[in-house]
Structures are given as C-alpha cells and as structure tokens.
Amino acid sequence: MKEILQYLFNHHTLSKSEAKAIMIEIAQNKFNSAEVTAFISVFLMRNITLHELEGFREALLQMAVPVELYTHNTMDIVGTGGDGKNTINISTLASFIVAGAGQKVAKHGNYGASATTGSSNVMEELGYRFKSDSDSLNEDLEKANICFLHAPFFHPALQSVGALRKSLGLRTFFNLLGPLVNPAKPHYSVIGVYNLEIARIYQYLLQKENREFILLHGLDGYDEISLTHDSKIITKNSEEIYSAEDLGFHPVSPESIKGGDTPAASAQIFRNILEGKGTEAQNSVVLANAATALYHTGKSGTYTESLELARESLYSGKALKSLELLVNR
C-alpha cells in the first residue's frame, strides 16, 4: 500500500484494473486501518476519475453476494448521500410511494456514514429484518412490491470499511459506489447526486452500459429534488432544469425538510409521512421525487399523470400498506 499511496500523493490516478485490484485487497483485509484511511483520504482531496470509479465498482460487483429476482423490471431510487443537508429520507420514502403505485422496487441502502440516518437505519428502526437470500427478497417483492437490500449483507468490502467510514464521518468515494452496485441489477436507476461533476461521471458510465437511468441534482447542493431551489434532471437523452413550479409545487425551505437528530426520530417522521401526517413541504418533496421516478418508467404518458399516481399512492394509504407488508412479513 505504501507504494500505491506514494504514487497517488504524486498526483497520479489509478487505471481501472489497478482500482479493481486494490478494492479486492481492501475487501480481503490486506491493509491495516491506517493505510485504508490514507487511501480514502486521497479521494477527499480530489474527485475520483471515471476509470477509478469503474474499477472499484467492478470489484464490488464481482465480489457481491448474488441476487436473483423473479423480475428484472425493478427500480432503485437512491442518493449518493453525503450532501450534508440532513433531510428526511426522501429516496426511501419515494421508493414506497412508487411501490404503492405499482412499480416494483429493489431498494439498495446502507447505514448513514456521513449523515445521521441512512435508509438502513430507518428500516431497522421501523422493524424490518435485513435479508440476504433471494427467496426472501422475492417474497417481499411479491407481497409488498418492494424489497430492501442492506448493502453490507451483499458487499463484503463495505462490511470491512463500515466502522472506518462511520468514524471518519465524511463523504467518501464509497458514497459514489453505493448507487452503482445494487446486486439486484434493477432495470431503472434513479440516482441523486450532490454535484454536477459527479453527475457527468455517472452519466458517461451509465450511458456506456446502455442503462436506463435518471440523475437528479438540486442546484443548491442536494442529492435529490429538494424543491428548495431549481433541480437539474439528466436522462439518456436530455438535460433540463426544473423549478418547483415546473414540477407542480411551491418552493420549500431547507428547514422544512430536515430529518430527525436520531434514527428513531427520523423513523417517526418517515412513518408520519406515509400515514398522511406529513407537512405540505415534506409531502411535496417526496411526491416530486416519486413522480419523476414513475414518469421515467414510461408507465404514464405525462409527468402530470405520474404525479397523480404518486399522490394517489401516498394519500390512499397504498404506500403505507407497502411498508407494513414489508416490515410485518
């Protein structure tokens, strides 16, 4: 590792094959925590390159516990995390609304490393027991229209660095890998990114693979549609900037979509929203993300129709039913 670090400290970057080999060795615990911390720190001082991201990702997917779902027509709605905004769990809430609207969801998530509460923290607080076998995940998908894949159960490399990431409490390149390594390989990926430079790398990588994707970025630094400012939405064929009004909502304040200070508080907010007790701002931001995801699947002809599907899922209790079927199974 010393040679690798010296090479990187001299402002060099890794090839795809070098990055892949190092990630495999990290997963195999071949380096001590100080060496891994130093390695991670390199990417706190500069942005990751496309080749490095590709190599790290290929290693994680190669080592991942395989998942076989009965349908590949699934969607994942996920953010990179690490935007420092401490919002409600928008992508996870949107996932349940989308599931309630009839789209099957294979949600990939993890504990919060640079935030108070990640999607796994919330799911655990709500009573969900993580699963790693395909049969159980398929049963969840069949009954609740959604299954949840807790990343450390499927990625040994993430397990090996989980404590280190938490102790650092900073956004690392592992934040960037999470949305790209869902072992269920969903057909649709809706990914929130915290800056446009990272969006460009994602866009190039996903286009190269001919993947169905949509990238969401709040122009004031959110890794989702926040409605606090305009949002950039990038698809395979277009890039557009949308205001809150364009998406059918009034702008909201950053304070109005803050999450809880603890996993328990965040989970209570989460359940309140799905039970129809959310504030107008909370409901608006979750619905905007869910409607954009639904529109991306082509199930409805217009964004307005997708927004109606999302509203019906939330306000009729279908999204809540998906949660209860998943947690109580």
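Note that this is a predicted model, so its numbers are computed, not measured.

Chemist: What is the right way to read the packing of aromatic side chains from this model?
Modeler: Under the defined criterion, the tally for this structure stands at 14 aromatic pairs. Summarising the aromatic geometry, the rings of F130 and F153 are spaced 5.9 Å apart at their centres and angled 80 degrees between planes, so their arrangement reads as edge-to-face. Of the two residues, F130 sits in the loop between α6 (119-125) and α7 (134-144) while F153 sits in helix α8 (residues 151-154), which places them 23 residues apart along the sequence. An aromatic cluster of at least three residues, connected via ring pairs, comprises F39, F43, F56, F173 and F174. When the ring centre of Y222 is taken as reference, the NZ or CZ atom of K85 above it lies at 4.9 Å.

Chemist: Is there a simple way to explain the environment of G81 in this structure?
Modeler: Mapped onto the elements, G81 comes out in the loop between β1 (75-79) and α5 (90-100). Ignoring sequence-local partners within four residues, the contact set of G81 consists of R171, N175, Y194 and D223.

Chemist: Which parts of the structure should I look at to understand the packing of α5 against helix α14 (residues 303-315)?
Modeler: Working note: a packed helix pair is described by the angle between its axes plus the distance between those axes. Close contact between α5 and α14 brings their axes to 8 Å; oriented N to C, the two are set at 100 degrees. In terms of their interaxial angle, α5 and α14 are classed as roughly perpendicular. Here F96, I97 and G100 of α5 lie close against α14, whose contacting residues are A310, S313 and L314. Within the contact of α5 with α14, the residues separate by chemical class into four nonpolar, two polar and no charged.

Chemist: What should I look at first to understand helix α3 (residues 33-45) in this one?
Modeler: At 3.6 residues per turn, the α-helix brings residues three or four places apart onto the same side. Between its first and last C-alpha atoms α3 spans 19 Å; for 13 residues at 1.5 Å apiece the expected length is 18 Å, and the two agree. With a side-chain oxygen lying 3.1 Å from the backbone nitrogen of A34, the N-terminal cap of α3 falls on N32.

Chemist: What's the story with the packing of α7 against helix α15 (residues 318-327) in this structure? I'm lost.
Modeler: Following both chains from N to C, one finds α7 and α15 inclined at 150 degrees, their axes separated by 9 Å at the closest point. Accordingly, the angle class assigned to the pair α7 and α15 is roughly antiparallel. Judged by the twist between their axes, the crossing of α7 over α15 is right-handed. Facing D140, K143 and A144 of α7, the residues of α15 in contact are S322, L325 and L326.

Chemist: Help me understand α7, please; the structure alone is not making it clear to me.
Modeler: Along α7, the residues classified as buried are S134, S136, L137, N138, D140, L141 and A144. Check the buried side of α7 and you find it contacts α5, β2 (105-109), β3 (146-150), α8 and α15. Once α7 finishes, N145 follows within two positions and takes phi at roughly 70 degrees, a positive value.

Chemist: For this particular structure, what's the right way to read the pairing of strand β7 (residues 239-242)?
Modeler: Within a regular strand, the side chains alternate between the two sheet faces. Relative to β7, strand β6 (residues 231-235) is paired through four bridges, and the arrangement is antiparallel. Its bridge partner lying in β7, I234 is registered against E239. As consecutive antiparallel partners, β6 and β7 are separated by three residues.

Chemist: Looking at this structure, I do not really get a nonpolar patch on the surface. What am I missing?
Modeler: Among the surface-exposed residues, F9, L44 and M45 lie close enough to one another that they form a single nonpolar patch of about 320 Å² accessible area. If you trace the backbone, M45 turns up in helix α3. Exposure remark for M45: the relative accessible area of 65% places this residue in the exposed category.

Chemist: Please explain the environment of L205 as it appears in this structure.
Modeler: One can find L205 in helix α11 (residues 196-208). Using a relative accessible area of 1% as the deciding quantity, one classes L205 as buried. Dropping the residues within four chain positions of it, L205 is found in contact with L50, L53, E54 and R57.

Chemist: Help me understand the pattern of salt bridges in this model?
Modeler: If charged atoms from side chains of opposite charge come close, those side chains can pair. Following the criterion strictly, the structure yields 14 salt bridges and no others. Notably, a salt bridge pairs E58 with K16, separated by 3.0 Å at the nearest N-O pair. One end of the pair, E58, is in helix α4 (residues 50-63); the other, K16, is in helix α2 (residues 16-27), with 42 residues separating them in the sequence. Residue E58 is classed as partly exposed on the basis of its relative accessible area of 33%. Residue K16 is classed as partly exposed on the basis of its relative accessible area, which comes to 33%. In this structure, R46 and E52 form a salt bridge, with 2.7 Å as the shortest nitrogen-oxygen distance.

Reading the values: the criteria
- Residues numbered from 1 in each chain as written.
- Predicted model: local features only at pLDDT ≥ 70, side-chain atom pairs only at ≥ 80, totals over all residues.
- Heavy atoms only, no water.
- Phe/Tyr/Trp six-rings, centres within 6.5 Å; stacked < 30°, edge-to-face > 60°.
- Helix = DSSP H or I, 4+ residues; strand = E, 2+ residues; numbered from the N terminus.
- Lys NZ or Arg CZ within 6 Å of the ring centre and 35° of its normal.
- Contact = heavy atoms within 4.5 Å.
- Axes fitted to C-alpha atoms, helices over the stretch in contact; angles between N-to-C directions.
- Parallel < 35°, antiparallel > 145°, perpendicular 65-115°, else oblique.
- Nonpolar A, V, L, I, M, F, W, Y, C, P; charged D, E, K, R; others polar.
- Expected span 1.5 Å × (residues − 1).
- Polar contact = N/O pair within 3.5 Å; in protein donor to acceptor, adjacent residues only side chain to side chain.
- Left-handed = near helix turned anticlockwise from the far one by under 90°.
- Buried < 20%, exposed > 50% of the residue type's maximum accessible area, 1.4 Å probe, protein only.
- Pairing = 2+ DSSP bridges.
- Patch = residues over 30% accessible without salt bridge, like charges linked within 9 Å, V, L, I, M, F, W, Y side chains within 5 Å.
- Areas by Shrake-Rupley, 256 points an atom, 1.4 Å probe, with all protein chains shown as cover.
- Salt bridge = Lys/Arg side-chain N within 4 Å of Asp/Glu carboxyl O.

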